[in-house]
Amino acid sequence: MSSNEAGSPAVATDEIAAPSQVSPTAGWSHRGPSREMLSSVATAAAFGLVFLVYAVWLQGSFYDVTRLSFDVSRSTPQLVLAIAVAVCLCGHQFDLSVAATATAGCFLAVGMFIDAGLPMGVVIVLTLLVGAAAGLLNGVLVTKFRVNAFIATLGTGGLFAGFTVVYSSGRVVGPTPDSGPLPSWFSGAGSVGDFQNKAPLGVAVLVTAAVVAALLVSFDQRFPGPESRRRVQMTVLGLVGVLVVGAAWALGLPAEFDWMIVIVLSLTLLVWTVMKYTAVGHAIYAVGGNPNAAAFAGIRVRIISLCLFVFSGTIAALAGILVASQQGSAAPGVADPLLLPAYAGAFLSTVILSRGRFHIWGTVAGSIALVYVTDGLVVGGVPYTWTQVINGVVLIVTVALSTFLQRRPGA
Amino acid sequence: MVIATLAPDAPGDLMIDIVDVRKRFGATQALRGVTCSFSRGEFVALLGSNGAGKSTLVKILDGVYPADAGTIAVRGGRAGLGVVHQDLGLVDGMTVAENLCLGAPRRLVNPRAEARLTTEALRAVGLTSIDPYALVSTLSLGQRAMVAVAKTLHRGADTVVIDEVTAGLHPHEARWVVERLRVAAEFGATVLMVTHKLDEVVGAATRYVVLSDGEVALDEDAGGIARADLVAMMSRGRSVSAPAPGAGRVDASGGGIVCELKGVHAGGAGPIDLTVTEGRITAITGPLGSGLHEVAYAAAGLLTPDAGTVRVASDVRRACVPAHRESEGVFAEHTVQFNVAVGGWSRWRGRTGLLRVRQMRRDCDDAVAALAVVPHRLDATVSDLSGGNQQKTLFARALMRRPRLLVLCEPTRGVDVATRREIYAQVRRMADSGTGVLMASTDYEDIAALADTTGVLTADGTVSEWLTPDRLPELTTELA
């Protein structure tokens, strides 16, 4: 047997090894909570260290609330794609076509308004529907025809990208004098896509409060504490929440929220709620954990997988609409470079305050951290062209670090 | 204790010398001092019922566990002994030759030379019909088993231990494997075949060793023993198992029919007719691979039968504990709570469509407490639990549904004695509260402890007759 071949020297020699007394119950105490905590905090600590270095190195030019908010606002399509990818990964499915779907969504949003003259509201609905149909195609290929998800979505991604090239003949599609401009609420100065056009303060504070509340609720459920001290814990958490929201207000954070940030935070809240508090979300995790066991537990695995692709296609189309809103035009391959950072953000969620599982807040936090790391270097003088290199390095280093720390002793 | 090299002055054909090997797991003394030795060219059948200590002995020989006491000496040291497990350790997508030479030290791969070596290695175990260039996936299961044996011997082992390799095979194919093994033994290898199916090895083995309760109960040459004596010896441990607690209520019929199977064909079994009634435990048993689990899954609604009908009233909630805990049961990386709640979320869905998380946690906690899962922590990752506690987690999930039809497949596989009793008690309680239970098990103890009526699947896939508990001793060696 090959396992015998690899026998350790202790087995091969006649040396008397002390019988290691392993009681059956001792098995799970091997991986102490300290090690688990260490690995889950490692990534967060690594990012903290990077931002500390930035603080010393760049000072005010990096730590500027307006600038940091602007970064998030600019990378909204990337965050949205990361959410689409993360949900798929929760159900152990890959969708590599999201970036191409987003590009196609961008072209549809601009093209249908300019060339077909449809009202913008209808255009948005139609674009989302096309995204859903694209996802359905992926889902049918994977669940019905049993094509490997990697290949299927790589292929359909090429297909969608190809259609955009054919449609645009490789040129930028944008408003022409004949068609008139895109609606003023959709694109341009003072529109949804304009960072200078802030969301009303009330909405911004509401979203901030909702996000803080969601995080505290997550924390509360992860570490519920004894029943006798529930009231104390609730009070403490409530106070912390109020303090955090107050601090954010004092820093002027909600005042910097534009509509893009509001959209991405609302989407995150919605998806997180679905994943955490509905049967569908739990079923997705079950299918991702062990599809066979999920089927035995009475979950319709194929329907769930199909829904995952439909969801990611729809959300990818939404990302495309956001790109169109930000840029006011559609350039060939405009969303294609977002694929790597989207996956990077989703994979970072497995190592940020997590036990190796994909989750939504981690995805958004990881994506934003990725944006900031890159941006800090750009502020510090590294050419913007290095962005992809930095993204790749950050992804590999952080995931490797956490996985290395997470490794069980002896494994 | 490690496996020592046999002293050079040992008798000429002695290959393995096991002296007074003991092993304890927690409160269970798995081996109480096993002493035996094996010589060159022997084909030994190592027999015994479940829990007799066969697999513990094999794992000690394989170096998986250290023994607590005693010595094992092997001619040629550690490398002189190879173990072939049920999963065989072959790569399906590679050729026979590639598998044989996999991991062997070499600089460059020379397919021709490897094929030549492979042909020789296969001939050494009396196989001439296998093409070294064939993909392993194209071979029959029996052929694969023999390739694994040839591989082990090719690696320089003189003694090969075959651990339950024939368990999933069709009887004809198992017989073929046993014949090849006999040839390999005649060619000079020492073959130690671990099995619980006596009929497979009768007539082929040159010697029988029967383990019972961690001791050698019998060790005799094939010439000197009759089959009936072996049967008696193997089932000796069984007479101590308590009679079914519900044995008295066998004729207490009158409960409504919960589920009815008519002419069902599933997984090679069929046609099967059976009914599950309220408050009774209906069992089916038979060899592995006979399709008994598939029949149970069909009753649970998890599998569409190839033919026949499964009739279940629409208001009957069904729950199932699947046969393979790791692959079909648990979500290893998730928490105990997730594993208990999975699939049953509808009962916690509030009016808004969101789950009532606190209620869910409380209910899961109650379920886990009722079955005494250790550790009692809902946030523990399930893979950190012992096999028995993982099994209890699956029971908690099934019981959470408050089923009227409970389908159990191998309810006590890989579970220690104490947990086994708890599970039996729980199943009996369920039945007493009016649940119809259908149990598919290859484990005699399950049947003896629980079944109110037992159907035995034969090799041709049908139930020959239904046995009442008092006739159960007739099932002995046919069962795992």
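Residues numbered from 1 in each chain as written. Chains lettered and ligands numbered in written order. Predicted model: local features only at pLDDT ≥ 70, side-chain atom pairs only at ≥ 80, totals over all residues. Heavy atoms only, no water.

- As annotated in an unreviewed UniProt entry, chain B carries the name Ribose transport system ATP-binding protein and is attributed to Thermomonospora echinospora.

- By the naming in an unreviewed UniProt entry, chain A is Putative multiple sugar transport system permease protein, taken from Thermomonospora echinospora.
- What UniProt records for chain A under Subcellular location (unreviewed entry) is the sentence "Cell membrane". (UniProt positions renumbered as here; feature names shortened; annotations may be inferred.)

## Focus: the overall build of chain A
Now for step 1: For chain A, the count of helices and strands is 17 helices and 0 strands.
Now for step 2: Taking as baseline every contact in chain A between residues at least 6 positions apart, the subset at least 24 positions apart corresponds to 77%.
Now for step 3: About 19200 Å² of surface is accessible on chain A, with carbon and sulfur atoms providing 72% of the total. (Helix = DSSP H or I, 4+ residues; strand = E, 2+ residues; numbered from the N terminus. Contact = heavy atoms within 4.5 Å. Areas by Shrake-Rupley, 256 points an atom, 1.4 Å probe, with all protein chains shown as cover.)

## Observations regarding the overall build of chain B
Now for step 1: The helix and strand inventory of chain B stands at 14 helices and 19 strands.
Now for step 2: In terms of C-alpha radius of gyration, chain B reaches 24 Å, essentially the compact-globule figure of 23 Å for 480 residues.
Now for step 3: Principal-axis analysis of the C-alpha atoms gives chain B an extent of 75 × 50 × 45 Å.
Now for step 4: Residues classed as buried in chain B amount to 54% of the 480 residues present.
Now for step 5: Here the analysis covers contacts within chain B between residues at least 6 apart in sequence; of these, 69% occur between residues at least 24 apart.
Now for step 6: By element, 51% of the accessible surface of chain B is carried by carbon and sulfur atoms, the whole surface being about 19400 Å².
Now for step 7: Positive and negative side-chain charges in chain B, numbering 51 and 55 respectively, have mean positions lying 7 Å apart. (Rg over C-alpha atoms; globule rule 2.2 N^0.38 Å. Buried < 20%, exposed > 50% of the residue type's maximum accessible area, 1.4 Å probe, protein only. Lys, Arg positive; Asp, Glu negative; His and termini not counted. Charge placed at Lys NZ, Arg CZ, Asp CG, Glu CD.)

## Observations concerning the sheet that holds strand β18 (residues 453–457) of chain B
Residues and elements named next belong to chain B.
Now for step 1: With mixed pairing, the 6 strands of this open sheet are ordered in space as β15-β16-β17-β13-β18-β19. Each edge of the open sheet carries a strand with a single partner, namely β15 (318–321) and β19 (463–467). Going across the sheet, the axis of each strand differs from the next one's by a mean of 15°, ignoring polarity.
Now for step 2: Both strand β16 (residues 405–409) and strand β17 (residues 436–440) contribute to a ladder of 5 bridges, which runs parallel. Along β17, the bridge assignment pairs V407 with L438.
Now for step 3: Along the sheet face, helix α8 (residues 292–300) touches β13 (281–285), β15, β16, β17 and β18 and points at about 160° away from the line of β16.
Now for step 4: Sheet strands touched by helix α13 (residues 417–432): β13, β16 and β17. Its angle to β13, the strand with the most contacts, is close to 130°. (Pairing = 2+ DSSP bridges. Axes fitted to C-alpha atoms, helices over the stretch in contact; angles between N-to-C directions.)

## Focus on the domain arrangement of chain B
Now for step 1: The domain architecture assigned to chain B consists of domain 1 (3–240), domain 2 (244–317 + 403–480) and domain 3 (331–402).
Now for step 2: Once you take the C-alpha centre of each, domain 1 of chain B and domain 3 of chain B turn out to be 41 Å apart. (Domains from an automatic or database assignment.)

## A look at helix α6 (residues 98–114) of chain A
Now for step 1: For α6(A), built from 17 residues, the straight-helix expectation of 24 Å at 1.5 Å per residue is met to within 8% by its first-to-last C-alpha distance of 24 Å.
Now for step 2: Burial runs high along α6(A): 16 of the 17 residues are buried. (Expected span 1.5 Å × (residues − 1).)

## Brief notes about the pairing of strand β4 (residues 43–47) of chain B
Residue and element names in this part refer to chain B.
Now for step 1: Most of β4 sits inside the fold, with 5 of its 5 residues counted as buried.
Now for step 2: As paired strands, β4 and strand β8 (residues 190–194) are joined by 4 bridges and run parallel to one another. If you follow L46 over to β8, its bridge partner there is V194.
Now for step 3: Note that β4 and strand β9 (residues 207–212) share 4 bridges and pair parallel. The residue bridging L47 from the neighbouring strand is V210, located in β9.

## So, the confidence of the model for chain B
Now for step 1: For chain B, per-residue confidence averages 84 on the pLDDT scale, and 93% of positions sit at 70 or higher.
Now for step 2: When the criterion is pLDDT under 50, residues 238–252 of chain B qualifies, and its contacts beyond four places in sequence or with other chains add up to 23 contacts. (pLDDT = per-residue confidence, 0-100.)

## A few points about the environment of T71(B)
Now for step 1: Looking at the secondary structure, you find T71(B) in strand β5 (residues 69–74).
Now for step 2: When the C-alpha positions of T71(B) and A226(B) are compared, they lie 31 Å apart, and in sequence the two are 155 residues distant.

## Digging into the nonpolar core
Now for step 1: Grouped together as the largest cluster of nonpolar side chains are 125 residues, with contacts concentrated most on I299(A) and W345(B).
Now for step 2: When residues of this core are assigned to their parent elements, the largest contribution, 12 residues, is made by helix α5 (residues 76–90) of chain A.
Now for step 3: Both of domain 2 (244–317 + 403–480) and domain 3 (331–402) of chain B provide at least three residues apiece to this core.
Now for step 4: With residues up to four places along the chain from it excluded, the contact list for W345(B) reads A279(A), H282(A), A283(A), A286(A), I299(A), L355(B) and M360(B). (Core = buried A, V, L, I, M, F, W, Y, C linked by side-chain atoms within 4.5 Å.)

## Here's the deal with helix α15 (residues 339–348) of chain A
Now for step 1: Burial within α15(A) is extensive, with 7 of its 10 residues counted as buried.
Now for step 2: Where α15(A) is concerned, the buried positions are P341(A), A342(A), Y343(A), A344(A), G345(A), A346(A) and L348(A).

## Describing the sheet that holds strand β12 (residues 269–277) of chain B
Residue and element names in this part refer to chain B.
Now for step 1: Pairing within the open sheet is antiparallel, and its 3 strands lie in the order β12-β11-β14. Two strands in the sheet have a free side with no partner beyond their single neighbour: β12 and β14 (307–312). Taking each pair of neighbouring strands and ignoring which way they run, the sheet shows an average axis angle of 5°.
Now for step 2: With 5 bridges joining them, strand β11 (residues 257–266) and β14 adopt antiparallel strand pairing. Looking at the pairing, H265 lines up with A307 of β14.
Now for step 3: Across the face of the sheet, α8 comes into contact with β11, β12 and β14 while running at roughly 130° to β11.

## With respect to the side chain of E256(A)
Now for step 1: Tracing the chain through its elements places E256(A) in the loop between α10 (230–251) and α11 (259–277).
Now for step 2: E256(A) gets classed as buried once you look at its relative accessible area, which sits at 15%.

## Details of the packing of aromatic side chains
Residue and element names in this part refer to chain A.
Now for step 1: One pass over the full model with this rule turns up 19 aromatic pairs over all chains.
Now for step 2: By way of ring pairs, the aromatic residues F47, F51, Y54, W57, F62, Y63 and Y372 are connected into one cluster.
Now for step 3: Of note, K198 hangs over the ring of F195, and the distance from its end group to the ring centre comes to 3.4 Å. (Phe/Tyr/Trp six-rings, centres within 6.5 Å; stacked < 30°, edge-to-face > 60°. Lys NZ or Arg CZ within 6 Å of the ring centre and 35° of its normal.)

## What to know about the pattern of salt bridges
Residue and element names in this part refer to chain B.
Now for step 1: One pass over the full model with this rule turns up 22 salt bridges over all chains.
Now for step 2: The salt bridge partner of D379 is R361, with a shortest N-O separation of 3.1 Å. With D379 in the loop between α11 (357–370) and α12 (387–400) and R361 in helix α11, this pair connects stretches of sequence that are 18 residues apart.
Now for step 3: We note a salt bridge from D452 to R428, for which the minimum N-O separation is 3.4 Å. Here the residue D452 occupies a position in the loop between α14 (444–450) and β18, and R428 occupies one in helix α13, the gap between them amounting to 24 residues. Accessibility classification places D452 together with R428 in one group, the buried group.
Now for step 4: Residues joined by salt bridges that share partners form a network here, namely R175, E179, R182 and E186. (Salt bridge = Lys/Arg side-chain N within 4 Å of Asp/Glu carboxyl O.)

## Some remarks on unusual backbone geometry
All names here are of chain B.
Now for step 1: Of the consecutive residues V374 and P375, the connecting peptide bond is found in the cis state with omega at -5°.
Now for step 2: Residue position: P375 is located in the loop between α11 and α12.
Now for step 3: A positive phi angle, close to 50°, is found at D213, a residue other than glycine.
Now for step 4: Tracing the backbone through its elements, the reader meets D213 in the loop between β9 and β10 (215–221).
Now for step 5: Phi angles above zero are rare outside glycine, and E410 is one such case at about 45°.
Now for step 6: Here E410 shows up in the loop between β16 and α13.

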